[in-house]
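If you want the building blocks of each chain, they are given just below.
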Amino acid sequence: MMAKITFYGHSAFLVELDGKKILIDPYLSNPLSPVKPEDVKDVDLVVLTHGHGDHLGDAITILKNNKNAKIVAIYELANYVGEQIGDPSRAIGGNIGGPMLVDDLKIALTPATHSSPYGAPTGVVIIGKEATIYHAGDTGVTMDMKLIGELYKPDIALLPIGGHFTMDPVEAAKAVELIKPKVAIPMHWGTFPVLYGKPEEFKKLVEEKTPETKVIILQPGETYSYP
Ligand code: NI
Ligand code: MN
């Protein structure tokens, strides 16, 4: 069995893992997304790293259209979204460092050095049978990433590289050194002119410093299957 990861531009991904469809940070109205929020069907979970508009994105529209989908995020953000969709029973709010059991998956929120209007900003580790996937959210590089690498041994790390609000390719390559995932996929690049970091530069730096990690550059709409 294979896990599938489809990039929708910015930090938005569709993860198909253990038979579940999981949308992470579904800002599908971003200028590069090939999929519109109204087109999303049969999603099981929407996972949010923090409450900024480019991550909360179109979660509320998607959750209103997908009545069986649950929202997983830090407590304050999950509750906010639960209120906005008029159904708090679909909100699964946890906190950093306390893994949650959700539909046969384990989901752990991780520290992120950033800001957020609802609760603390986070990353997220999604642990399934087919793969363990770490989405770092918006963050700088932090020594917590070494711990995330040791504890969860992510197969795939989704890392922001655009700079200005998050790591650029230099910091993100350092993050790869700390996490040591099998595969690293850059995100949070190219959406807006202010995000100057280039995925090719990230790939070059990782190949120099951490050659055992494979960098996969996905263009919006492309899918990577693991293994
Ligand atoms: Ni942010
Ligand atoms: Mn962002």
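Because the structure is predicted, anything quoted here is derived from the model rather than measured. (Residues numbered from 1 in each chain as written. Chains lettered and ligands numbered in written order. Predicted model: local features only at pLDDT ≥ 70, side-chain atom pairs only at ≥ 80, totals over all residues. Heavy atoms only, no water.)

1. Quick word on the sheet that holds strand S9 (residues 122-127)
The strands making up a sheet are joined through hydrogen bonds of the backbone, oriented either antiparallel or parallel.
Item 1. Spatially, the seven strands line up as an open sheet ordered S7-S8-S9-S10-S11-S12-S13, and their pairing is mixed. Looking along the sheet, the strands with just one partner apiece sit at the ends: strand S7 (100-102) and strand S13 (214-215). (Pairing = 2+ DSSP bridges. Helix = DSSP H or I, 4+ residues; strand = E, 2+ residues; numbered from the N terminus.)

2. Side note on the side chain of His-135
Item 1. Turning to its location among the elements, His-135 is positioned in strand S10 (residues 132-135).
Item 2. Of the residues examined, His-135 reaches a relative accessible area of 0% and is grouped as buried.
Item 3. A polar contact of 3.1 Å, which involves the side chain of His-135, links it to the backbone nitrogen of Gly-137.
Item 4. Excluding its chain neighbours within four sequence positions, the residues that come into contact with His-135 are Ser-11, Phe-13, Ile-24, Asp-25, Thr-49, Gly-123, Val-124, Leu-158 and Met-187. (Buried < 20%, exposed > 50% of the residue type's maximum accessible area, 1.4 Å probe, protein only. Polar contact = N/O pair within 3.5 Å; in protein donor to acceptor, adjacent residues only side chain to side chain. Contact = heavy atoms within 4.5 Å.)

3. A short note on the nonpolar core
Item 1. Judged by nonpolar contacts, the single largest core of 75 residues is most densely connected at Leu-159 and Ile-185.
Item 2. No other element matches the six residues that helix H5 (residues 169-179) contributes to this core.
Item 3. Apart from residues no more than four positions distant in its own chain, Leu-159 is found in contact with Tyr-134, Ala-136, Met-167, Ala-172, Ala-175, Val-176, Ile-179, Ile-185, Pro-186, Met-187 and Phe-202. (Core = buried A, V, L, I, M, F, W, Y, C linked by side-chain atoms within 4.5 Å.)

4. Focus: the sheet that holds strand S6 (residues 91-94)
Item 1. Taken in spatial order, the seven strands line up as S6-S5-S4-S3-S2-S1-S14 in an open sheet, and their pairing is mixed. Unpaired on one side and paired on the other, S6 and strand S14 (223-226) mark the two borders of the sheet. When the angles between neighbouring strand axes are averaged without regard to direction, this sheet yields 20 degrees.
Item 2. Bridge analysis of strand S1 (residues 3-7) against strand S2 (residues 13-17) gives four bridges, and the strand direction is antiparallel. What sits directly across from Lys-4, in S2, is Glu-16. (Axes fitted to C-alpha atoms, helices over the stretch in contact; angles between N-to-C directions.)

5. Side note on the coordination of the nickel ion (ligand 1)
Item 1. Every protein donor of the nickel ion (ligand 1) is listed here as His-50 (NE2), His-52 (ND1), His-114 (NE2) and Asp-138 (OD), and their distances to the metal cover 2.2 to 2.3 Å.
Item 2. Viewed at the metal, the four donor atoms of the nickel ion (ligand 1) are separated by angles of 91 to 173 degrees, and the geometry they form is irregular. (Donors = N, O, S within 2.8 Å, 3.2 Å for Na, K, Ca; no water. Tetrahedral: all angles 85-135°; square planar, octahedral: opposite > 155°, others 65-115°.)

6. Remarks on the coordination of the manganese ion (ligand 2)
Around a metal, the perfect tetrahedron of four donors has angles of 109.5 degrees, and the perfect octahedron of six donors has angles of 90 or 180 degrees.
Item 1. Those donors, Asp-54 (OD), His-55 (NE2), Asp-138 (OD) and His-188 (NE2), are the protein atoms that reach the manganese ion (ligand 2), and they lie 2.1 to 2.2 Å from it.
Item 2. As a motif over one chain, the donors of the manganese ion (ligand 2) read D-H-x82-D-x49-H.
Item 3. The two metals, the manganese ion (ligand 2) and the nickel ion (ligand 1), are separated by 3.4 Å and share Asp-138 as a common coordinating residue. Of this pair, His-55 sits in helix H1 (residues 53-56) while His-188 sits in the loop between strand S12 (183-187) and helix H6 (199-209), and the two are 133 residues apart along the sequence.

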